[in-house]
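# Fold and contact review
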Amino acid sequence: MMPLLTTKGLSRNFGGLRAVDNVDFALMPGEIRAVIGPNGAGKTTFVSLVSGRIQPSSGMVVFDGADITGLPAYARVRLGVAYTFQITSVFANLSVYDNVALPVQRTLTDGRSKGAVRTGVMAALERTGLADRTHMLAGQLSYGHQRLLEVAMGLALKPRLLILDEPTQGLADSEIDNFIELVREIAKSATVLLIEHNMPVVMHLADRITVFNAGRILAEGTPEQIRANTEVQDAYLGTTHG
Amino acid sequence: MKDASPAKPYALHLGVIALLFALSFVLPDYHHGLLARIMVLAVFAMGYNMLFGYVGLLSLGHAMFFAAGLYGAGLAVIHLGWSVPAAFAVGILCGAVLSLVIGVLALRTSGVAFMIVTMMFAQVFYLVMLYLASWTGGDQGMVVPQPARVLSFGATSLELTNPTVRYMSALALFSIVLLVTLAIVRSRYGRVLVAIRENEERTKMLGYDTFSNKLAAVVVSGTICAASGAAYALLFGYVGSSFASVQYSILPLLWVLLGGAATTLGPLVGTLFMYYVVDITSGYTSAYLLIVGIALILLVLFFPKGILGTIRHRWLGWLP
Ligand SMILES: Nc1ncnc2c1ncn2[C@@H]1O[C@H](COP(=O)(O)OP(=O)(O)OP(=O)(O)O)[C@@H](O)[C@H]1O
Ligand SMILES: [Mg+2]
């Protein structure tokens, strides 16, 4: 089977710092892949290179067999790469409805039918449990709900690859259980790349785990393999690298 | 609210248009003439509001779009002897082409740089109009000859110098532009424009080519402003470089701020308000500009969202 996403020698420097260092990565369609690693390991930078938010210093990104390294972010989104921000970045002054209507109307191909936007918005809001808050301003939602709105916006894009950057940060434990269910459901129709610090969530969801450290891939494997990997334990304890 | 029932906003806007129509029959001559002028300039403000209010791009060069319409229409009549409809169309076309070119260049920047770049382009435009004095009349300007300012339909003809014809022409243009802007801001495209204003980076990550969307907005905005300029030349019979000066880039900003940025009726309210404050105070004192300045400062301090923006915020959330 051909990978949905591949990166080859992907690197990004910030001044003297090599935030992503020569990363070769492959992701199979239908997978839930978790990316873990200590703070500053380069996880957000890596997925930003994939989504096109920032440009690589070198290397390439291949999506569904096509080289997308030169494509602007919006064009990648149209190909099916959706990114949800680590730092919540909903449109605070717009209603919850409008926040989700934006991605929904983008994916509508018929363009005309009046009810289509509303139907799409309500579907995404139902799935994330926000359906009773359509008319609130997004900025008035609790932090946890803003995280869910961020996911709803990603979902509404009908992505083939959904990148979630620390989606459970700030969620209450009760919300996290629902969230795990939600990701499982999303994974039925999309490949999921999940950056996550919360290890129980990772262990519950991930088919495979990739561990980043200091801009490089330190290890990759099934949850059991990663759990048993002493190098990974060292990286998390901070004894090997900075 | 975009998904709220459309009945209320449309009723309100049609009501405003009906009111302006009715006023034509009751206003004394002086105010009748002033209101015609205000409606034409409110179109200028509406064009400005499209870009400033809804997309959040602050241009300091919109005088060039107004003046492109003004000169395009005026000179077509003066030098080429074109009919009023043809001249009007040419004025609008000039604004559309100019705004497309300026948009492509200026949208490489944003924020303060965008303000400066648009101002520089407008200044170049202004100087070129002065330089081409043999064509444009320079700072003296030129009068559009009265006999040419006639709308003919077969046997009947309407003289644009007639106050009622002038008022109704101004109202017709105003109404069309008002309803067009209302339709735009309530559309999906309008939602994207607001999203760009709120967070351009996020809008890109939802799959929108924000450059193209902003460029389209610059063209819509510039074209509306040019329509206002073209109408001004044909209805009031004068073209001159003062309309291309920086003052005429700042005025629409003030009108929009006063009336309420990103409200469809704000531009009319702001233009009306400013004209009448000037009109009333200049009757009492020669220091009227001081009073106008103080009024502006007070408004910005106490109504930072402008008159209609404040009303929407406090009472009428459905106002588009
Ligand atoms: N725009 C930037 N300019 C300069 N340095 C940056 C920039 N973005 C990230 N970095 C640096 O690159 C390194 C990797 O950062 P990144 O945000 O990718 O880490 P991360 O793995 O996502 O961390 P976290 O778990 O805290 O989110 C860090 O040292 C960070 O300071
Ligand atoms: Mg990160």
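About the cut-offs
- Residues numbered from 1 in each chain as written.
- Chains lettered and ligands numbered in written order.
- Predicted model: local features only at pLDDT ≥ 70, side-chain atom pairs only at ≥ 80, totals over all residues.
- Heavy atoms only, no water.
- Contact = heavy atoms within 4.5 Å.
- Buried area = accessible area lost by both parts, 1.4 Å probe.
- Salt bridge = Lys/Arg side-chain N within 4 Å of Asp/Glu carboxyl O.
- Polar contact = N/O pair within 3.5 Å; in protein donor to acceptor, adjacent residues only side chain to side chain.
- Axes fitted to C-alpha atoms, helices over the stretch in contact; angles between N-to-C directions.
- Helix = DSSP H or I, 4+ residues; strand = E, 2+ residues; numbered from the N terminus.
- Left-handed = near helix turned anticlockwise from the far one by under 90°.
- Nonpolar A, V, L, I, M, F, W, Y, C, P; charged D, E, K, R; others polar.
- UniProt positions renumbered as here; feature names shortened; annotations may be inferred.
- Parallel < 35°, antiparallel > 145°, perpendicular 65-115°, else oblique.
- Domains from an automatic or database assignment.
- Donors = N, O, S within 2.8 Å, 3.2 Å for Na, K, Ca; no water.
- Buried < 20%, exposed > 50% of the residue type's maximum accessible area, 1.4 Å probe, protein only.
- Pairing = 2+ DSSP bridges.
- Core = buried A, V, L, I, M, F, W, Y, C linked by side-chain atoms within 4.5 Å.
- Phe/Tyr/Trp six-rings, centres within 6.5 Å; stacked < 30°, edge-to-face > 60°.

Across the contact, 30 residues belong to chain A and 19 residues belong to chain B. Taken together, the two surfaces of chain A and chain B that pack against each other cover about 2300 Å², and 59% of this comes from carbon and sulfur. Ranking the residues of chain A by area buried against chain B places Tyr 74, Phe 91 and Gln 105 of chain A at the top, with a combined share of 26%. Glu 150 of chain A serves as the salt-bridge partner of Arg 202 of chain B, at 2.5 Å between the closest nitrogen and oxygen. Counting the contacts that link chain A with chain B gives 11 residue pairs in polar contact (both at pLDDT 80 or more).

This part covers the packing of helix H4 (residues 84–106) of chain B against helix H10 (residues 210–236) of chain B. Residue and element names in this part refer to chain B. Put simply, H4 and H10 touch, their axes get as near as 7 Å, and they point 150° apart. Note that H4 runs across H10; the crossing there is right-handed. Residue-level inspection shows Val 84, Ala 87, Phe 88, Gly 91, Ile 92, Gly 95, Ala 96, Ser 99, Leu 100, Gly 103 and Val 104 of H4 in contact with H10, the latter providing Phe 211, Leu 215, Val 218, Val 219, Gly 222, Thr 223, Ala 226, Ala 227, Ala 230, Ala 231 and Leu 234. Its residues placed into classes, the contact of H4 with H10 shows 16 nonpolar, six polar and no charged.

All names here are of chain B. Under the present numbering, the feature "transmembrane region" (unreviewed entry) in UniProt falls on residues 12–28, 34–57, 88–107, 114–133, 167–185, 215–238, 250–276 and 288–311. Helix makes up 95% of residues 88–107 and strand 0%, whereas the separation of the span's terminal C-alpha atoms amounts to 28 Å. The straight-line gap between the two end C-alpha atoms of residues 250–276 is 18 Å; of that span, 78% is helix and 0% is strand.

On to the packing of helix H11 (residues 247–259) of chain B against helix H12 (residues 266–284) of chain B, then. Residues and elements named next belong to chain B. Where H11 meets H12, the closest approach of the two axes is 7 Å, and the angle between their N-to-C directions is 105°. As far as their axial angle goes, H12 and H11 are roughly perpendicular. When H11 is examined against H12, the residues Leu 251, Leu 254, Trp 255, Leu 258 and Gly 259 are found in contact with a partner set consisting of Gly 266, Val 269, Gly 270, Thr 271, Phe 273, Met 274 and Tyr 275. Residues belonging to the contact of H11 with H12 are distributed by class as follows: eight nonpolar, four polar and no charged.

Turning our attention to the domain arrangement of chain A. All names here are of chain A. Partitioning chain A into domains gives domain 1 (1–80 + 160–242) and domain 2 (90–158). Averaged C-alpha coordinates put domain 1 and domain 2 at centres separated by 25 Å. Each side of the interface is counted separately: domain 1 has 16 residues, and domain 2 has 13 residues. Carbon and sulfur atoms supply 61% of the area buried between domain 1 and domain 2, which totals about 1100 Å² over both sides. Residues Arg 127 and Glu 185 are paired through a salt bridge, measuring 3.5 Å at the closest nitrogen-oxygen approach. Where domain 1 packs against domain 2, one counts four residue pairs in polar contact (both at pLDDT 80 or more). Going through the elements one at a time, helix H2 (73–79), strand E7 (161–165) and helix H6 (173–186) are the ones with two or more residues in the side of domain 1 that touches domain 2. Looking at the side of domain 1 that touches domain 2 element by element, the count peaks at five residues for H6. A breakdown of the residues in the side of domain 1 that touches domain 2 according to their chemical character gives eight nonpolar, two polar and six charged.

Residue and element names in this part refer to chain A. Taken together, the protein donors to the magnesium ion (ligand 2) comprise Thr 44 (OG1) and Gln 86 (OE1), at separations of 1.8 to 2.2 Å. Of this pair, Thr 44 sits in helix H1 (residues 43–51) while Gln 86 sits in the loop between strand E6 (81–84) and helix H3 (96–107), and the two are 42 residues apart along the sequence. What makes Thr 44 partly exposed here is its relative accessible area of 26%. The class of Gln 86 is partly exposed, set by a relative accessible area of 21%.

Note on sheets: strands pair through backbone hydrogen bonds, and any given pair is parallel or antiparallel. All names here are of chain A. Read across the sheet, six strands follow the order E6-E7-E8-E3-E9-E10 without closing on themselves; strand pairing throughout is mixed. In this open sheet, the two edge strands, each paired with only one partner strand, are E6 and strand E10 (216–221). Between one strand axis and the next, the sheet turns through 20° on average, direction left out of account. Pairing of strand E9 (residues 208–213) with E10, which is carried by five bridges, proceeds in the antiparallel orientation.

The biggest cluster of nonpolar side chains holds 142 residues, and the ones touching the most others in it are Val 100 and Leu 149 of chain A together with Leu 20, Phe 125 and Phe 174 of chain B. With 18 residues, the top contributor of residues to this core is helix H2 (residues 29–55) of chain B. Among the domains, domain 1 (1–80 + 160–242) and domain 2 (90–158) of chain A are the pair contributing at least three residues each to this core. Beyond its immediate stretch of four places on either side in the chain, Phe 174 of chain B contacts Leu 20, Met 39, Ala 42, Val 43, Met 46 and Leu 268 of chain B. Leu 4, Ala 41 and Val 47 of chain A together with Met 205 of chain B belong to the second-largest nonpolar core, a separate cluster that totals 26 residues.

Let us look at the packing of aromatic side chains. Each aromatic ring pair is summarised here by two numbers: the centre-to-centre distance and the angle between the ring planes. Residues and elements named next belong to chain B. Within the structure shown, the criterion is met by 15 aromatic pairs over all chains. Where Tyr 232 meets Phe 236, the ring centres are 4.8 Å apart and the plane angle is 50°; that geometry is what we call tilted. A residue pair is termed a helical-turn pair when its members lie 3 or 4 positions apart in one helix, as Tyr 232 and Phe 236 do in helix H10 at four residues. The exposure class of Tyr 232 is buried, given its relative accessible area of 6%.

Moving on to the environment of Arg 133 of chain A. Residues and elements named next belong to chain A. Within the element layout of this structure, Arg 133 appears in the loop between helix H4 (114–128) and helix H5 (143–156). On a C-alpha basis, the gap between Arg 133 and Leu 155 in space is 17 Å, while along the polypeptide they are 22 residues apart. When residues no more than four places from it in sequence are discounted, the contact partners of Arg 133 are Val 96, Leu 141 and His 145. Side-chain polar atoms of Arg 133 contact the side chain of Asp 132, separated by 3.3 Å.

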